[in-house]
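Residues per chain, in single letters:
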Amino acid sequence: MEGSGHALWGGRFEDGLSPEMETLNRSLDVDWRLRRHDVRGSRAWARGLARAGLLSSEEAAEIDRGLVEVLRDLEAAGDPSRFTDEDIHTLVERLLTERIGAVGGRLHTGRSRNDQVSTDFKLWGRAAIDLLRGNLSSLIATMADRAREASGVVMPGYTHMQQAQPVTAGHWLLSRAWPLVRDMEHLGAVRVECDVLPLGSGAVAGCPFDIDRDALADDLGFSRVSENSMDGVADRDWAVRLLFGAAMTGVHLSQLAEDLVLFSSSEFGYVRLGDAFTTGSSLMPQKRNPDVAELTRGKSGRLVGNLTGALTMLKGLPTGYNRDLQEDKEAVFDSVDTLAVVLPAIRGAVAGMTIDPRRMGEALRAEVHATDLADYLVRRGVPFREAHHVVGELVRAAEGADKGLGGLTLDEMTAVHPAFAEDVFGVFDPVASVESRGVRGGTSGAALQTQLEALATALERA
Ligand code: ARG
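Presented here is an overview of the structure given in this document.

**Structural notes on the environment of Thr-97**
Next up, step 1: Secondary-structure assignment places Thr-97 in helix α5 (residues 88-100).
Next up, step 2: Along the primary structure Thr-97 and Ser-151 are separated by 54 residues, whereas in three dimensions their C-alpha atoms are 64 Å apart.
Next up, step 3: Polar side-chain contacts of Thr-97 include one of 2.9 Å to the backbone oxygen of Glu-93.

Here it is in structure tokens:
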């Protein structure tokens, strides 16, 4: 262990921290992963100080060189367990001063860890958002490919988990893809929000020296600078919106996962997950468990929990920076890590699953055409409400005769309403049913083509 007692703020204290407090205080194990961003921010800050005349160009160059070496040392160390420093900012500054001597002590001029950590976190956040958007985009593209293949496969569409109307398997898959497109759009908006530089806010009141914050923003690739230093150090809204995006994505994935669990069961058999994404049982030789879907569904819980935790941490915080804010990072790191594991796995499962058109077709009950039957009457001039009632009577009659709706004869139908004719039996064709819904957003093959094009465009813009 090295570095104990190297706090940056020791000047006015007589005694060191108690071990209990050190443990509570320490965030290095969490913010270790900000090291590259911390060094990057510090190098930009040194250039800013030099531009403002607070560092000579020699001093700035020395600090810059020192920071590069510090980063190399940190990478060589591999993990934070050797260091007892409070956080990554303290550690970097200590190592810098050890390397280049007293000039290292000039780096923190006009800066606070409050604006520093906000900046580091956002630098990390931009890359994390890009990563998640990339993962989402591949999953959506895979779902679109599978939907295109399954554009002619008819299956029951469900409401209340009861067979409702025939749809295509492609339409079902895309119904699970659009929510993910919205998640990508949301993350795009979070990216914009994250693109505001807090550095230069100081601890709370702003930097007292003539730092060019726009130049600093340029240097670090931010499009804007924060307009209020008090807000600049306390704002974690982007992080919460990222957590919301992750939680919403998790909920969407849990719904897709639930479909896969259900549809891959022997009772449904609509899909079969590939060997690479299912597990066996240590006891029951016949098992083929959809663990990929169950883990995806299960992990949505922690994504929601991270969001709830962060909102609760922020609620009621008084003005300015408060140390509670240190709790922000663990939740965000965890949500991003979780999705970075889940998204590629579920993408692989969707890419490798087999869709079984036969099982889907066999599952269709004739009753799934009840609405088509009512629509048939509507096309013959019967008001829909009356048609609905008539078909209801037919369903009851069929049940009474212990047969399906498809088993009724024309006589049995005309007995209930005279508008039925010989062509009524065409209504019981699932393909015809699906094809009749050619409205934009409907389940026909042509509408699915339009939908796929719209999805590709939305994906490009998201
Ligand atoms: N380690 C802190 C964080 O992760 C930053 C430290 C700011 N501390 C302070 N007492 N002002 O947010």
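**Digging into the packing of aromatic side chains**
Next up, step 1: Tallying each qualifying case throughout the model produces twelve aromatic pairs.
Next up, step 2: When the ring of Phe-121 is compared with that of Trp-124, the centres are 6.0 Å apart and the planes differ by 20°; the resulting orientation is stacked. Residue Phe-121 and its partner Trp-124 are located together in helix α6 (residues 113-149), separated by three residues, close to a single helical turn.
Next up, step 3: An angle of 90° between the planes, with centres 6.1 Å apart, marks the rings of Phe-121 and Phe-333 as edge-to-face. Separated by 212 residues along the polypeptide, Phe-121 in helix α6 and Phe-333 in helix α12 (residues 328-352) bring together distant segments of the chain. Each of the two residues, Phe-121 as well as Phe-333, counts as buried.
Next up, step 4: Three or more aromatic residues joined by ring pairs make a cluster, and in this case those are Tyr-158, Trp-172, Phe-263, Phe-268 and Tyr-270.
Next up, step 5: The ring of Phe-333 is capped by Arg-33, whose NZ or CZ atom sits 4.4 Å from the centre of that ring.

**A few points about unusual backbone geometry**
Next up, step 1: Even without being a glycine, His-160 presents a positive backbone phi close to 55°.
Next up, step 2: You can see His-160 is positioned in the loop between β1 (154-159) and β2 (162-168).
Next up, step 3: For His-160, a relative accessible area of 75% translates into the label exposed.
Next up, step 4: Within the chain, Asp-402 stands out as a residue other than glycine whose phi angle is a positive 55°.
Next up, step 5: Checked against the element boundaries, Asp-402 lands in the loop between α15 (384-400) and α16 (410-414).

**Examining the environment of Glu-386**
Next up, step 1: Residue placement: Glu-386 occurs in helix α15.
Next up, step 2: Look at Glu-386 and you get partly exposed, because its relative accessible area is 37%.
Next up, step 3: Separated by 85 residues in the primary sequence, Glu-386 and Gly-301 have C-alpha atoms spaced 46 Å apart.

**Quick word on the pairing of β2**
Next up, step 1: Relative to β2, β1 runs antiparallel, the two being bridged by six bridges. Bridging across to β2, Tyr-158 finds its partner in Gln-163.

**Considerations on the pattern of salt bridges**
Next up, step 1: For the structure shown, the criterion picks out 33 salt bridges.
Next up, step 2: In this structure, Asp-64 engages Arg-43 in a salt bridge whose closest nitrogen and oxygen atoms are separated by 2.7 Å. Of the two residues, Asp-64 sits in helix α4 (residues 57-77) while Arg-43 sits in helix α3 (residues 35-51), which places them 21 residues apart along the sequence.
Next up, step 3: Of the charged contacts in the structure, one is a salt bridge between Arg-323 and Glu-86, with a shortest N-O distance of 3.3 Å. Remark: Glu-86 occurs in the loop between α4 and α5 and Arg-323 occurs in the loop between α11 (291-314) and α12; sequence separation between them is 237 residues.
Next up, step 4: Note on Arg-323: relative accessible area 35%, which makes it partly exposed.
Next up, step 5: Residue classification places Glu-86 among the buried positions, given a relative accessible area of 9%.

The rules behind the values
- Residues numbered from 1 in each chain as written.
- Predicted model: local features only at pLDDT ≥ 70, side-chain atom pairs only at ≥ 80, totals over all residues.
- Heavy atoms only, no water.
- Helix = DSSP H or I, 4+ residues; strand = E, 2+ residues; numbered from the N terminus.
- Polar contact = N/O pair within 3.5 Å; in protein donor to acceptor, adjacent residues only side chain to side chain.
- Phe/Tyr/Trp six-rings, centres within 6.5 Å; stacked < 30°, edge-to-face > 60°.
- Buried < 20%, exposed > 50% of the residue type's maximum accessible area, 1.4 Å probe, protein only.
- Lys NZ or Arg CZ within 6 Å of the ring centre and 35° of its normal.
- Pairing = 2+ DSSP bridges.
- Salt bridge = Lys/Arg side-chain N within 4 Å of Asp/Glu carboxyl O.

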